Amino acid sequence: MRILITGAAGQLGSDLVRHCTEAGDDVIACTSAQLDLGHRDSVARAITGARPDVVVNAGAWTAVDACETDPDKAWRINALGVRWVTDAARTAGAHVIQVSTDYVFDGTKPEPYVEWDPTNPTSAYGRSKLGGEKEVDPAHAIVRTAWVCGAHGSNMVKTVLGLADRPELAFVDDQRGSPTFTADLAPAIRRLAVDRFPGTFHVTNQGEVSWFGFVQEILGQAGHDPGIVRPIRTADLDPPRPAPRPANSVLDNAVFRLAGLPLLPHYRESLDRLLQELGATS
Ligand SMILES: NC(=O)c1ccc[n+]([C@@H]2O[C@H](COP(=O)([O-])OP(=O)(O)OC[C@H]3O[C@@H](n4cnc5c(N)ncnc54)[C@H](OP(=O)(O)O)[C@@H]3O)[C@@H](O)[C@H]2O)c1
């Protein structure tokens with residue numbers, strides 16, 4: 001399979017490049033310097049020049065709070081950029097997998113979200129990512145994921161390891177989700193690419209936890225004292241974060257379950273593997 005990956009230097013992009021290369025694919029890894037989602041010509045040149053079988057659009061402007069102050073940049077990269085990708089992919093005859101987010105939901109549903117639930121983003125980032133979803137052809141695929149952690153780039157696991165020597169930490173206990181590890185997400189996306197599955201898929205690791213609970217687990221598994229973290233409420237954050245976050249980010253991987261596709265492992269197993277990779281186990 002000849003597979004072009006955008007955002008190839010990001011958390012997910014790096015592990016997609018690694019996994020697809022190891023699987024024997026012909027990988028065209030495009031960083032933002034090689035394929036800029038903000039410019040139609042750049043996207044068209046990269047995709048029609050490479051003539052891939054599949055394009056995975058893992059590139060995005062992911063600075064959630066910054067999107068609030070520059071929504072036009074969010075629309076340009078996360079929504080219009082997807083139009084340029086799908087247009088070029090049509091010309092090249094390539095299948096597209098668009099990576100999207102739990103932030104398309106408002107988080108008020110008491111149960112996990114299934115793929116068919118109505119969307120209602122509450123942040124500029126979420127609105128721009130939903131705009132991107134609307135640019136995807138029905139025969140192509142959208143993979144919504146959440147709480148992404150990997151060996152490359154910044155994420156909660158690395159943040160907590162960097163703070164573990166502090167006497168006290170405070171994390172919110174009223175936002176829940178499923179931490180999702182790029183080492184598991186990348187093979188799942190490749191599987192969808194190989195079999196050209198169409199439509200929307202929720203793909204996260206199994207299990208759910210609050211940020212507070214996740215931080216306790218990271219500290220404990222890495223041999224630090226989980227007792228240093230105390231739970232707070234989102235309303236107690238001082239200063240409040242510019243972009244609202246969904247209180248419920250848990251995505252039911254309903255299509256994977258119903259289609260008989262293998263679910264990703266429990267997030268605790270994958271956290272253990274990432275901590276080992278980072279050399280941070282006790
Ligand atoms: N992180 C999460 O918790 C999370 C949760 C749900 C969904 N997602 C989605 O998962 C996907 C991957 O996220 P991630 O965590 O891997 O994010 P990431 O580490 O921030 O990687 C995103 C990549 O996109 C690239 N990018 C930014 N602007 C671009 C542009 N104009 N043209 C081309 N590439 C551009 C960045 O490159 P530069 O560094 O060169 O700017 C970066 O390498 C995204 O679609 C994101 O929306 C992430």
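Residues numbered from 1 in each chain as written. Predicted model: local features only at pLDDT ≥ 70, side-chain atom pairs only at ≥ 80, totals over all residues. Heavy atoms only, no water.

## What to know about the overall build of the protein
Per the secondary structure count, the protein includes 10 helices and 12 strands. Its C-alpha atoms give the protein a radius of gyration of 18 Å, within 12% of the compact-globule value 19 Å for 282 residues. For the C-alpha atoms alone, the extent of the protein along its principal axes is close to 55 × 40 × 35 Å. In the protein, the proportion of contacts linking residues at least 24 apart, taken out of those at least 6 apart, comes to 80%. Of the roughly 12,100 Å² of accessible surface on the protein, 50% is carried by carbon and sulfur atoms. Here the protein carries 27 positive and 35 negative side-chain charges, and the mean point of each set is 5 Å from the other. (Helix = DSSP H or I, 4+ residues; strand = E, 2+ residues; numbered from the N terminus. Rg over C-alpha atoms; globule rule 2.2 N^0.38 Å. Contact = heavy atoms within 4.5 Å. Areas by Shrake-Rupley, 256 points an atom, 1.4 Å probe, with all protein chains shown as cover. Lys, Arg positive; Asp, Glu negative; His and termini not counted. Charge placed at Lys NZ, Arg CZ, Asp CG, Glu CD.)

## A look at the site of the ligand
The environment of the ligand is made up of 25 residues, and the closest members are Ser32, Leu37, Thr62, Tyr125 and Lys129. The backbone of Val148 places a nitrogen or oxygen atom 3.0 Å from an oxygen atom of the ligand. Protein chains shield 78% of the accessible area of the ligand, which is 900 Å² for the free molecule. No other element matches the three residues that strand β4 (residues 95–101) contributes to the shell around the ligand. Of the residues belonging to the shell around the ligand, the class tally is 12 nonpolar, 10 polar and three charged. (Near = heavy atom within 4 Å. Polar contact = N/O pair within 3.5 Å; in protein donor to acceptor, adjacent residues only side chain to side chain. Nonpolar A, V, L, I, M, F, W, Y, C, P; charged D, E, K, R; others polar.)

## Overview of the state of the cysteines
Two cysteines whose sulfur atoms are joined by a covalent bond form what is called a disulfide. Across all of its chains, the model carries zero disulfides by this definition. The cysteine Cys30 is free of any disulfide, with Cys20 supplying the nearest cysteine sulfur at 13 Å. On the basis of relative accessibility, which here comes to 5%, the residue Cys30 falls in the buried class. The cysteine Cys149 is free of any disulfide, with Cys67 supplying the nearest cysteine sulfur at 19 Å. (Disulfide = S-S within 2.5 Å. Buried < 20%, exposed > 50% of the residue type's maximum accessible area, 1.4 Å probe, protein only.)

## Brief notes about the pattern of salt bridges
Counting across every chain of the model gives 19 salt bridges. Note that Arg83 and Glu135 form a salt bridge whose closest N and O atoms lie 2.8 Å from each other. Taken together, the residues Arg83 in helix α4 (residues 71–92) and Glu135 in the loop between α5 (124–134) and β5 (141–145) connect sequence positions 52 residues apart. Its relative accessible area of 40% is what places Arg83 among the partly exposed residues. Residues Arg268 and Glu217 are paired through a salt bridge, measuring 3.1 Å at the closest nitrogen-oxygen approach. (Salt bridge = Lys/Arg side-chain N within 4 Å of Asp/Glu carboxyl O.)

## Here's the deal with α4
Compared with the 32 Å implied by 1.5 Å per residue over 22 residues, the 30 Å span of α4 between its first and last C-alpha is a close match. The largest bend in α4 comes to about 35°, at Leu80. Taken together, the buried positions of α4 are Ala74, Ile77, Asn78, Ala79, Gly81, Val82, Trp84, Val85, Thr86, Ala88, Ala89 and Ala92. Taken from the residues just after α4, Gly93 is the one with a positive phi, measuring 75°. (Expected span 1.5 Å × (residues − 1). Bend = angle between axes of the 7 residues up to and from the residue.)

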